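Now for the letters of each chain:
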Amino acid sequence: HYKRARNFRGSSSETVPAMDSSLSCCESIIQHYSVPVHARVCSLDNERRVPYFDLPGNAVPNLSPICAVWHKKLSGASASGDDANRSGSHHADIARDLLSAYGETLHLCQRPRCDTKVKTAATAQKQDLGVGTIVEVVQQYELLVAHFACHNVAPSDDADKVEGEDKRTQVGADNCSADSEPSFDSEEIARQILEDIMQWTTKLPNDKENLWKIQNNLLPCLLRLLRHAIALLRERDLNESKPALVIATVAAVAFVGDGTMDCGSINLGNLLRWALPEEAGGESSSLLSLASALDQCNPCPLSVIRHKEEYRISRLTLTNDFLTRSAIDWTSKSSCFEAGWSDSDTGIAARTAMDLMMEVLSILEPKSRGNLSLFSMLQNICRHVGVKKIASAARAHFFGRLVGKSVEIQPRQNGGFMPMIKRINDDSSGEDPNNREKPHIETPMRIPSAVVLLSAALSCPGSDDDDEMDTAYLDALPVGLSLLDDAQSLHQGLGASMLVSVCESACSQVEKGSLDFVSRYGQLIASVLEEEIRISGRDDPTILGTVCLASSKFVKLLVSSRCSVQGLSATSLARKFVIEMFNAITTQIHTCQNGNNERISAVLAAGVNPILAQLATCREAASVEVARKGLSVLLPVIGWSGMDIDTRSAQAVALSSLVSLLVGAYPIMPRKGKQIMIEIILLLDRCTKDTAFLNDQDASGRSGSYTNDMRSATETIAEIARFSAAVCLAVCEDSAASILGHVESTQQRDELLDDIRFVADYLKA
């Protein structure tokens, strides 16, 4: 090994520059492990070894013989200069030289054959390198870099100590300025490593052993190399280091996902929780809860309870388990984007990526706390780097412009409802560019990186620069619209979540920014959402609910900003959205009640209820045009029979929507007063009988936790129905009162009727 290393670039008696020595070292390692005998050993080695940096103690192991020889040679060559006594800085210089040699050696070694345009001694045999050989080469290279980058410098008696900084991760950068390292292009190195990471995540092997090596050895080592490169930037000017820090963050996010699991998976509910922290109550399980639906209702039954102590209807408590449950099950597999390149069983890549993000944050914010959540870390990074730069990088990464050959972007005119974004291929290849997939379809790793980064950036507090957030919106919207244009339903859900983040953030920036994206993208957003509501009826409830939520948030933004879309007012657009949602519910009802009630609850809670509540605040009775359609949809749902939780959830949101519809279309509602009041009274009667049945079950000892849940849900529905009846009486007056008079003459329900009349009088007052 030593003889081969000496003779690779000439006699050992010659003076070899440090950079040339690093290139020779990398090429020698590649040649050594590509020798047939070593390559066969690597291919047959099926032992699963955890990387040393994921083991307890994080101790750097000894080098292999060939790497040990090169370690000695590089140390000697670098120590021949004037800085030989500065052990820490000269070891850091060696680490920089080794990382600078990555692009001409290991980077080319991992390229597909068609991409090989520079043929060196190291790449001459690259076509014969298998996965096992490449994994071994990268591991040995990373270990060699670690021995220099993580060199422990023994501090002298008068050495200055950096408070709260670990000497092992300080990478010996003391007394080392940017002028002494002109060849270390951290941004280019980060791009090369990210490009290799994307290649390995694009086409994963079917062989389980090779897959395990890629997930738990190769990709973590590449992330670790990226961390070494980032750590060497500590003494550089922060502005010069930001591009490399952004690329490192992009790479890391693909492996940490939304931070809830040890993998790169992202859940729709968690992304929406970032965008809607108040509505989610800190937990995705409470997102779109029945309590929030009631709170949006106009008039709100909870406000009546708060402001009227004499209110004799039993109090609706927000701690009620039934009210705090979400109308949508966000834990379903269909709402989770799985990252196949990250092993969720071991979590090695996720932990390595999290270490990389902590390294980035420690450079940007030296006094940062180490127990931050992923969302807080990303927000801090956005705050230091700039929301505009993060959003721009996320968009460039999503569309394939961040790394590799610069590509142009052209719109394709035959998309479903928006121009599909395609990469223009080289004309010499003879491939039709229209037949190529979008960059994020070819490389799925782009999706979690862009979506998570943009979600965190848009949720970051506004900057003093009024145009910064508006620029971020213009970067986020093409990503969201492109995802909505995909055939995969989960991609459509992720695209809708991006629109939710944009609209919710823009609502808080109405007085600060120009909201230029509304005038530029407003018509496109409206048409996309309208079409998505129409075609998402058969999708999972989480997807359909997210699309409806995006529609309601877009209406809220238009109302708060007083903007119109191509002459179409916010109320007109809201009515169009509601009609499409009512049509989606009608399709579900006519198909079959069983199995579709969660979809109906999702549409009502996420879209219909908040939009009708918004229309109810308009002075011109803006819901009149949708009243007939609304009653034809809501009343059958209210009339459902059954005591299961999903049925009760749909009834609760339907009652809440009915209240807003009554107020928003009050001029014509007296004509429908009898029909509405009959349906509500029948529901109250069924609730009374269901409660008696459940009490009998409890008395006979046949009740369980599920029975108790049904009893709580039934009692809650009865309270909401009483309030709805009071609103109906206040709006419809005589037509509704005639039904109450008939009930009073035929049944002994004096207390119920008195409560309804009492609340109706309070509402009219």
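Notes on the structure in this doc start here. (Residues numbered from 1 in each chain as written. Predicted model: local features only at pLDDT ≥ 70, side-chain atom pairs only at ≥ 80, totals over all residues. Heavy atoms only, no water.)

A short note on the overall build of the protein
Operational definition: Secondary structure counts use DSSP, requiring at least four H or I residues in a row for a helix and at least two E residues in a row for a strand, with both numbered from the N terminus. In this scheme, a residue with accessible area under 20% of its type's maximum is buried, one over 50% is exposed, and one in between is partly exposed, where area comes from a 1.4 Å probe on protein chains only. Contact criterion: two residues are considered in contact whenever any of their non-hydrogen atoms come within 4.5 Å of each other. The Shrake-Rupley method, run with a 1.4 Å probe sphere, supplies the accessible areas, and residue values consider only the shown protein chains as cover.
Across its full length, the protein carries 32 helices and 4 strands. Within the protein, the proportion of its 765 residues that are buried is 56%. For the protein, the proportion of contacts with a sequence separation of at least 24, taken over those separated by at least 6, is 76%. Looking at the protein as shown, the accessible area adds up to about 31,700 Å², and 47% of this sits on carbon and sulfur atoms.

Observations concerning unusual backbone geometry
In this model, Asn298 is joined to Pro299 through a cis peptide bond whose omega is 5°. Residue placement: Pro299 occurs in the loop between α13 (290-296) and α14 (301-307). Positive phi values are uncommon outside glycine, yet Leu288 reaches one of about 55°. Residue position: Leu288 is located in the loop between α12 (277-280) and α13. Look at Leu288 and you get buried, because its relative accessible area is 5%.

Points about the nonpolar core
For clarity, the threshold we go by: Within this scheme, the nonpolar core is defined by two criteria: the residues are buried Ala, Val, Leu, Ile, Met, Phe, Trp, Tyr or Cys, and they are joined through side-chain atoms within 4.5 Å.
Counting 237 residues, the largest nonpolar core has Leu98, Leu222, Phe517, Phe554 and Met669 as the members making the most contacts within it. Here the element with the most residues in this core is helix α30 (residues 705-732); it accounts for 15 residues. Among residues more than four places away in sequence, those in contact with Phe517 are Asp470, Tyr473, Leu474, Leu477, Val502, Ala506, Gly522 and Leu557.

As for the environment of Leu474
For Leu474, the location among the structural elements is in helix α21 (residues 466-484). C-alpha separation for the pair Leu474 and Leu515, spaced 41 residues apart in sequence, amounts to 9.4 Å. Excluding anything up to four places from it in sequence, Leu474 contacts Arg395, Asp516, Phe517, Arg520 and Tyr521.

A short note on the pattern of salt bridges
If the charged atoms of two oppositely charged side chains come close together, the side chains can form a pair. Formally: By definition here, a salt bridge exists when the distance from a side-chain nitrogen of Lys or Arg to a carboxyl oxygen of Asp or Glu is within 4 Å.
Counting across every chain of the model gives 22 salt bridges. Linking Glu530 and Lys576 is a salt bridge whose minimum nitrogen-to-oxygen distance equals 3.4 Å. On the criterion of sequence distance, the pair formed by Glu530 in helix α23 (residues 516-535) and Lys576 in helix α25 (residues 570-591) is long-range, its members being 46 residues apart. Relative accessible area serves as the criterion here: at 15%, Glu530 is assigned to the buried category. For Lys576, a relative accessible area of 36% puts it in the partly exposed group. What emerges from the salt-bridge pattern is a single network uniting Glu530, Glu531, Arg534, Lys576 and Glu580.

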